[in-house]
Structures are given as structure tokens and as C-alpha cells.
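Below are the chains, spelled out letter by letter.
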Amino acid sequence: MDMNAKKKLGLKEKYALMTRNLGWETTYEPMDKVFPQMDYEGIRIHDWDKWEDPFRLTMDAYWKYQAEKEKKLYAIIDAYAQNNGHLNVTDARYINALKIFLSAVPSLEYNAHRGFARLGREMRGVGPQVACQMQAIDEIRHAQTQIHSLSNYNKFYNGFHDWKHMNDRVWYLSVPKSFFEDACTCGPFEFIIAIGFSFEYVLTNLVFMPFISGAAYNGDLGAMTFGFSAQSDEARHMTLGLEVIKFMLEQDPANLPIIQRWIDKWTWRGVRLLTIVAMLMDYMLPKRVMSWKEAWEVYFEENGMALFNDLARYGIKVPDCAALIKKEKDHISHQAWNAFYTAGMITNFHTWLPSEDEMNWLSSKYPDSFDKYYRPRFEYYRQREKEGKRFYNKTLPMLCQVCQIPMLFTEGDDPTLISYRQIEHKGDKYHFCSDHCQHIFEHEPEKYVEAWLPAHQIYQGNCFAEGADPTAPGFDPLKSVLDYWHLDFGRDNLDFEGSEDQKNFAAWRQQATTN
Amino acid sequence: MQIDLRTVSIKPLRHTFDHVARRLGADKPASRYQEGTFDVQPSDNLQYRPTWDPEHELYDPARTQVVMKDWYAFKDPRQYYYGTYTMARARQQEAAEASFDFVETRGLAATLPPDLSRRALDVLVPLRHVAYGANLNNTAMCAYGYGTAITQPCMYQAMDQLGIAQYLTRIGLLLADASELEAGKSRWVGDGRWQGLRRYVENTLVLKDWFELFVAQNLVLDGLLFPLVYDQFIDKRVANEGGAPVSMVCAFMPDWFAETSRWVDASIKTAAAESPQNAQLLADWTSAWLLRATDALEPVATLALGEDAGPVFETVVDAFKARAGKLGLPL
Ligand SMILES: [Fe+2]
Ligand SMILES: [Fe+2]
């Protein structure tokens, strides 16, 4: 056969043969039974062939590119560990941001991995199946590279040592946990709007920017490297998120209101989750990249709006919550740090008060709010510290039934009034941090009554150490809860000032910089 | 600010994470496979019921009848985490690429005896769809299985099967052209000789018990199909009849089968050794699917091997039964 006589295939044609042409209409089993999750959310897809592949990557190319990236990444991780790169960070306080990262993020990536595996199986078209499968395997990469990069920190610093156990139990970690488990328990179309669109596309820059740039600014080559390495996968994930939403909107006009509701819900869920990132940027990076407020303005108010404008032709509107978020951007990082500082006894990381310089930076970045509402609080706490009366909150906070964040946010128009909503459902009272969380609950109460709220569980006695007897004389409930969390009192928690981390870092750095 | 650090040796406070240390029995250095695998799946205080399966929790060991005291008893003998997995496959794809290149640049496809080329296409091209079914099935095992120790390699297996479907596609394009892929698909959908196998694949696509799916797909179907097609047909028959180039471009598949069988075997062995109930269950599944797989593959064996099909296929089935016996399955 003359090779040259063969019809030359275009890239698109060839990729179609490598993917969608592999599928067929089943007849021994009905297609609806092979893909049983396609209908129940009410999304209508008429023609899966209209799917445009957001990227064309065959497995051989995938293996090749990804292996290259892995080789480079692990070479850097190894060198970083070998050279005690951790002693290069600006200030040991920075390491506390990594403790939050490890306790929260690999589990999110892992949930994304399993969620995209489900979609990789359940989507009815081969094109989206393959794209979701690739994201599924990428996401386990992210979980593992994070664990492996931070493994070295665990060897030298406290708070990292039982991240997975803590992720399933510790109070504040139920915020990210419930976010992703919420998405994973959704139908396939909502999942992909939640994670593929709202999270990856609209909000991902707000997560990456502080971590990667923050790591770079603060001398953490290790974390910076896995961040950059993951971002090249992220580019693929973002195009998938966008393609999915366009595909769904183009398939049937009846999909629009369903999708709009999901966008509203998941933008709000995502923004609530980012509160901790806001705090990290403004309070935990010794060397600041930019303020949370600035990041929000660039990445959401400018870039995010451009995206929504692009989707306007389908009838998609900017989520209602954007108005409230605009008002909250002056406040949430301060409110969150205030909450964690006062909860410093029950955290797996250290807390501290911002220095005078840092407070001045905050004043300059938040001229309308910091000096008026937050500086006085921190000065008051400082005064108490000086008097030897460091303030710790000894009770458990009331949590929002949906986002699971303590009631720490204030009304959009009154930063002195806690925002608090309450409704009754089947004879029980439920509390919310906002109208938006309340609306999410009202739409699916049967789902959100299932929430595992740490504060409630503790008060119900479900979070004591194994074998503990709460009726025994001298039973110390707080200590027992910390034991249940595997939190090492005095080493993982309390102030940075005077901590083992602080002392070790200073001693090791001195050892490494003097002769 | 980059400060100059002298290389000093500082004593670590601990060697690994506590959950890993608990599994190792002590705080000692752990491998990347262990740290990237042990307990990584959320397991406690799960929030909300899945809307797609309200009978179960999000991660629920009860999605299979196999019962394990500890789902992290499964070990991948290859110790694959994402990094080692992709690096291993990158090396293999490089070798495969070299083979395709070798055959293509020398125009070796054109030197094949036409009837041999025809027979190779008849057998290999419809197998694209079998590999795609295996891709979906392993993706399902990852999605619905329990514990990273076993779900993680299922995801790798899924992507491998997609890779195999794509290599088979390239072989079709190399030996013929795109119309051959369409013709192969028509045979897959309509030709009587493929219907048994298609029925088998479609039946597995609706299996609800993910461990039974593991048995039906990774142990039984692949356990017969790969030795039959790649060892007996391609590497022995086709290669001997002047089809060495075909055997070259197929090399990924038998190598892959030999490697992944180590993992499949280890997983079955672990589950069977856990309890006599598990062993019985796995044996029952294996027997039932073996019967169906033999029926389904017989016409494919005939298509490939003509009148020798009977005895050759019998050796394949016997070898499979011996393998199952070694894994602790009383068939
Ligand atoms: Fe990720
Ligand atoms: Fe809330």
C-alpha cells in the first residue's frame, strides 16, 4: 500500500478517532442504564457530538509531558529538603500558612480526583469523559505533590503531623471539607459547575496567587514549585470548566435557570471558603504580596466580570452575592484573623498579633475599615498580652449550617453587627451567616440538615478521645476534644511567640548561617 | 531574600506523618508511595448523602460485598504514585513511539502479506472498543471504590486502557486508514463474531459492585484476552508469518499486561486471604465471568487462529485457571 495515498487526517479528526469514535450506542444494556446519572438534575443534552474538545491530548503525550514535569518537580523537592531550604523562609511564622494548606488542601484535591473520576465514568459523551478522566488523574497528582512537598516541613515543625486525621475532625477544617463533599455529593452537572467552573475558573486565581506568589515572596521554593507545576494542569482544567458551561447552555434554553442557580450557589460557597485565604494573605505571610482586597478587585471584580460579560449572551448574570462580597472585602480577613487568634488554643497552627509595621500596612490597604474597627481590637489584645492575660476564647462558636464558618461576619452595611439568620425547618432551628447561605439551605434542606457541624458534634459528646468517660470525675472536655483531634497541646497550638517552632527555627538558622 | 545556608545536619523531630507511622508501627522514614497513598481518602465524619446514591455515604466500603477490616491492606507491588506511574509510562511510550517510527519510516506496513495484515486488522481494530470499555470500568472502580490503596491504581489502569485504545487506533491507521476504523466499529456493533464480547462488555458497564467489576474486567476478561491476542496471536502467529512489524507496534500491550497483572494478582490475593467468605465470593464471581468470557472470546480466537483456535484457547484458559488457583480462588 502506498503510504502517501492515505488521506491526511487533520488534528481534530485524528483526536476524534482517538476519543469519541471509541464509543458506541449500547444495545445489550440500555444507554440510560449505562449512564444512569444523566437525567435527574434536569439538565437536557440533545447532542453530545456538539461537544468541542477543550484540549487535545492523547495518552502518550500526556504521559510524556506529565512525567517531564514530575521529574523536574521532584528534583527540586529533593534538593530543597537536602539543603534545608525551609531555613530560607522569611520568618518561621510563614510556616503556619503551610500547616493550614496541608490540613485543608490535599483533601480537596483528593475529593476533586474522585469527583472527576465519577464524571469520567458518568458523562454520556466520550469527549467529556476523557477530559474529566484527565482531570481526575491530575488531581491526585496535586494531592500527592502537596503531601510530598510538605512532608519535609513535617519533619521539623509541629502542626503538620496528623493532617489527614485532623482534616476529618478539626472544627475549622470542616469548612473546606464540607465544601468539597457538598460538590461530590451533587449530580454530575452540578459538580462540574461547582468545581470545574466556579472553583477552577472563577476563583482559582485567588487561591493560587497568594500561595504561589506568597511562597515565592517568602523564600519557599518548595511550595512555589509545586504551585507552578500544578498551574500548568490548571490551565487545562479551566478550559474544561468553560467548555462545559457553554456546552450546557447551548444545548437547551431550559438549562439556563438551573445553571444560574448553581453558579450563584457555588460562587458564594467558594467566596466563603476563600475567607481563610484572605486571612492568610493579610496576616500570615510575613512578606505580603498584595492585600486580599486588591486581589479580589483584580481577580474577581475585573477578570471575573469579564468572564461573566462573555457569558451574558447566554443569559448568565453576575451572581447576586457579588454586591455583598464587594462590601465585605474590607472586613473578612480581619474578622477571620480575630477569630483564629482568639481560638488559638484549638488550632493546629500558631497565632500572633500583627506588629506595628504590619498594622500600618493594613491601615494603608484598608483605609476605610482597619483603623476604625480592627486596630483597636488588636491593640486591646496586645495590652492584655502585656498584662499576662492573653485572651483565649473558651467556648465553641455557633456555626453557619451551610458554609460551617463561625458567625463572625458582619452585616454588609454595619460592620459592628454580626450577620445572623435563623429559620425553622421541621421543628429544628438552623443558623446562617448570611442570606445567601440561608437560601442555599432553603433550596435543599434535606441535604444540609445532614451537615456534620463540629461545634454541635462536640456539644453532643461525639468528639471525645477514644475510650474517654465524660462522667468520670475531673473529666476535662477540652483536653479530650484536643485528644480526639490528635492536637498536641503546647506544641501545635497557642502563640507563635515562645513556641518550639520559633525556637528551633532560630537555632537551626543560626547554625546554618554562622561558621 | 536568599541567604547563604551552610549545609548542616539538623535532627528531625519526626520522620513521617502520624497516620503513616501508625501503619508502619513506628515513626520511621516512609516512602513517597506510602505518604501519597495511606489514608488519603476522607473517611470520617462525612458530610451529606450523595444525591446519586442516597443509600450510601460518599465514601462507603459497602458498595461491594467484599469485606475488609482494613482497606489499606491492599498494596500496589509497583508502588505507583502519580510521579512514578507517569515516569514509567513515559519510558514505555518512548519505546512504543520508536517502534511506530521504525515501521513508518521504513514503510514496513506495506511489506506485510496482505491476508496477514487483514487478519491483524480484523482482530485488533474492534478491540479499541473493548479497551474503551475497560477504561470506563476502571474509572468506575476508582470513583466508587474504597480506599486510595486500591482506587488509585484503578485510575492508572483506566488511563492505560485509554492509551491502549489509542495505540490500537494508530495501528489501524498505520496498517490501513480511517475507513478501517469505521469498518471495525461496524463489525463491533453488528458482526456476529463480536457480539458475545460486546455483550460481555456492556454487561460489565452496568455492574454495581465495583469489586465484582474488578474481577470481571481486570482479572477475567483481560486475563484471557491479552494472552490470547498478544501472546498467541500477534507475537506467535502473526510474527511467525512475516508480521514482525505488527508485533513491534503492539509491544506495549503484552508488556503492560505482564506489569499490571502483578497488581491485579496482589489485589485479588489480599482480598481472598482476608476471609474464607471473600475467597468464596471472588471464586464465584470468577467462575461465573470466566464462563461468559470463554463463550465471548471463542469466536475471536477463531477469527485470529482459524482451526488452531480450539487447542490454543484451551491452553490460555488452563493457564488462567492455574493463575486463579495460585491467588487462592477455589474455582
Ligand atoms: Fe487541583
Ligand atoms: Fe454561611
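Residues numbered from 1 in each chain as written. Chains lettered and ligands numbered in written order. Predicted model: local features only at pLDDT ≥ 70, side-chain atom pairs only at ≥ 80, totals over all residues. Heavy atoms only, no water.

(A) View of the overall build of chain B. What chain B contains, in helices and strands, is 13 helices and zero strands. In sequence order, chain B lays out its α and β elements as α-α-α-α-α-α-α-α-α-α-α-α-α. Along the first, second and third principal axes, the C-alpha set of chain B runs to 70 × 55 × 40 Å. For chain B, the proportion of its 331 residues judged to be buried stands at 64%. (Helix = DSSP H or I, 4+ residues; strand = E, 2+ residues; numbered from the N terminus. Buried < 20%, exposed > 50% of the residue type's maximum accessible area, 1.4 Å probe, protein only.)

(B) Here's a closer look at the packing of helix 12 (residues 276–305) of chain B against helix 13 (residues 309–326) of chain B. Residue and element names in this part refer to chain B. Where helix 12 contacts helix 13, the two axes come as close as 9 Å, and the packing angle between them is 150 degrees. Comparing the axis directions of helix 12 and helix 13 gives the class roughly antiparallel. For the pair helix 12 and helix 13, the crossing hand works out as right-handed. Each of Thr286, Leu290, Thr294, Leu297, Glu298, Ala301, Thr302 and Leu305 in helix 12 lies in contact with helix 13, whose residues at this interface are Ala309, Val312, Phe313, Val317, Phe320 and Lys321. Residue classes in the contact of helix 12 with helix 13 are distributed as nine nonpolar, three polar and two charged. (Axes fitted to C-alpha atoms, helices over the stretch in contact; angles between N-to-C directions. Parallel < 35°, antiparallel > 145°, perpendicular 65-115°, else oblique. Left-handed = near helix turned anticlockwise from the far one by under 90°. Contact = heavy atoms within 4.5 Å. Nonpolar A, V, L, I, M, F, W, Y, C, P; charged D, E, K, R; others polar.)

(C) Structural view of the coordination of the iron ion (ligand 2). Residues and elements named next belong to chain A. Donor atoms from the polypeptide that bind the iron ion (ligand 2) are Cys400 (SG), Cys403 (SG), Cys433 (SG) and Cys437 (SG), placed at 2.3 Å. Of note is the iron ion (ligand 2), whose four donor atoms meet at the metal with angles of 104 to 117 degrees in an arrangement that counts as tetrahedral. Read N to C, the donor residues that coordinate the iron ion (ligand 2) are spaced as C-x2-C-x29-C-x3-C. Taken together, the positions of Cys403 in the loop between helix 16 (370–386) and strand 1 (410–411) and Cys433 in the loop between strand 4 (428–432) and helix 17 (435–443) put the pair 30 residues apart, joining distant regions of the chain. Judged by its relative accessible area of 1%, Cys403 is buried. (Donors = N, O, S within 2.8 Å, 3.2 Å for Na, K, Ca; no water. Tetrahedral: all angles 85-135°; square planar, octahedral: opposite > 155°, others 65-115°.)

(D) Up close: the coordination of the iron ion (ligand 1). Residues and elements named next belong to chain A. The coordination sphere of the iron ion (ligand 1), as far as protein atoms go, consists of Glu109 (OE), Glu139 (OE) and His142 (ND1), spread over 2.1 to 2.2 Å. Counting residues between consecutive donors of the iron ion (ligand 1) along the chain gives the motif E-x29-E-x2-H. Taken as a pair, Glu139 and His142 lie in helix 5 (residues 126–156) at a separation of three residues, close to a single helical turn. For Glu139, a relative accessible area of 1% puts it in the buried group.

(E) Quick peek at the packing of helix 9 (residues 221–251) of chain A against helix 10 (residues 255–273) of chain A. Residues and elements named next belong to chain A. The N-to-C vectors of helix 9 and helix 10 enclose an angle of 150 degrees; their axes lie 8 Å apart at closest approach. One finds that helix 9 runs roughly antiparallel with respect to helix 10. Residues Ile245, Met248, Leu249 and Gln251 of helix 9 lie in contact with helix 10, whose contacting residues are Asn255, Leu256, Ile259, Trp262 and Ile263.

(F) Examining the interface of chain B and chain A more closely. Facing the 97 residues of chain B at the interface are 110 residues of chain A. Of the roughly 9300 Å² buried between chain B and chain A on both sides combined, carbon and sulfur atoms contribute 59%. The tally of links between chain B and chain A comes to four salt bridges. Close ionic contact of Asp60 of chain A with Arg170 of chain B constitutes a salt bridge, the shortest N to O distance being 3.1 Å. Remark: the boundary between chain B and chain A carries 69 residue pairs in polar contact (both at pLDDT 80 or more). Secondary structure elements with two or more residues in the side of chain B that touches chain A: helix 1 (18–24), helix 2 (32–37), helix 3 (82–105), helix 5 (127–144), helix 6 (148–175), helix 7 (178–190) and helix 8 (192–205) of chain B. Broken down by element, the side of chain B that touches chain A gets its largest block of residues, 17 residues, from helix 6 of chain B. Broken down by class, the residue content of the side of chain B that touches chain A amounts to 46 nonpolar, 29 polar and 22 charged. (Buried area = accessible area lost by both parts, 1.4 Å probe. Salt bridge = Lys/Arg side-chain N within 4 Å of Asp/Glu carboxyl O. Polar contact = N/O pair within 3.5 Å; in protein donor to acceptor, adjacent residues only side chain to side chain.)

(G) Quick peek at the pattern of salt bridges. All names here are of chain A. Evaluation of the coordinates by the stated rule reveals 64 salt bridges over all chains. In this structure, Lys99 engages Asp501 in a salt bridge whose closest nitrogen and oxygen atoms are separated by 2.5 Å. Of this pair, Lys99 sits in helix 4 (residues 95–122) while Asp501 sits in helix 21 (residues 500–513); the two residues are 402 residues apart in sequence, bridging distant segments of the chain. No difference in accessibility class separates Lys99 from Asp501, as the two residues are buried.

(H) Spatial organisation of the nonpolar core. Residue and element names in this part refer to chain B. Within the largest apolar cluster, 301 residues are counted, with the highest numbers of intra-cluster contacts made by Leu127 and Phe211. The dominant element in this core, judged by the number of residues it contributes, is helix 9 (residues 210–240), at 18 residues. Residues in contact with Phe211, not counting those within four places in the same chain, are Thr64, Val66, Trp71, Phe74, Ile150, Ser267, Ile268, Ala271, Leu282 and Trp285. (Core = buried A, V, L, I, M, F, W, Y, C linked by side-chain atoms within 4.5 Å.)

(I) Broad picture of unusual backbone geometry. Residues and elements named next belong to chain A. For Gln404, which is not glycine, the phi dihedral falls at a positive 70 degrees. Mapped onto the secondary structure, Gln404 falls in the loop between helix 16 and strand 1. For Gln404, a relative accessible area of 1% puts it in the buried group. Positive phi, normally seen in glycine, also occurs at Leu494, with a value near 65 degrees. Structurally, Leu494 can be placed in the loop between helix 20 (477–485) and helix 21.

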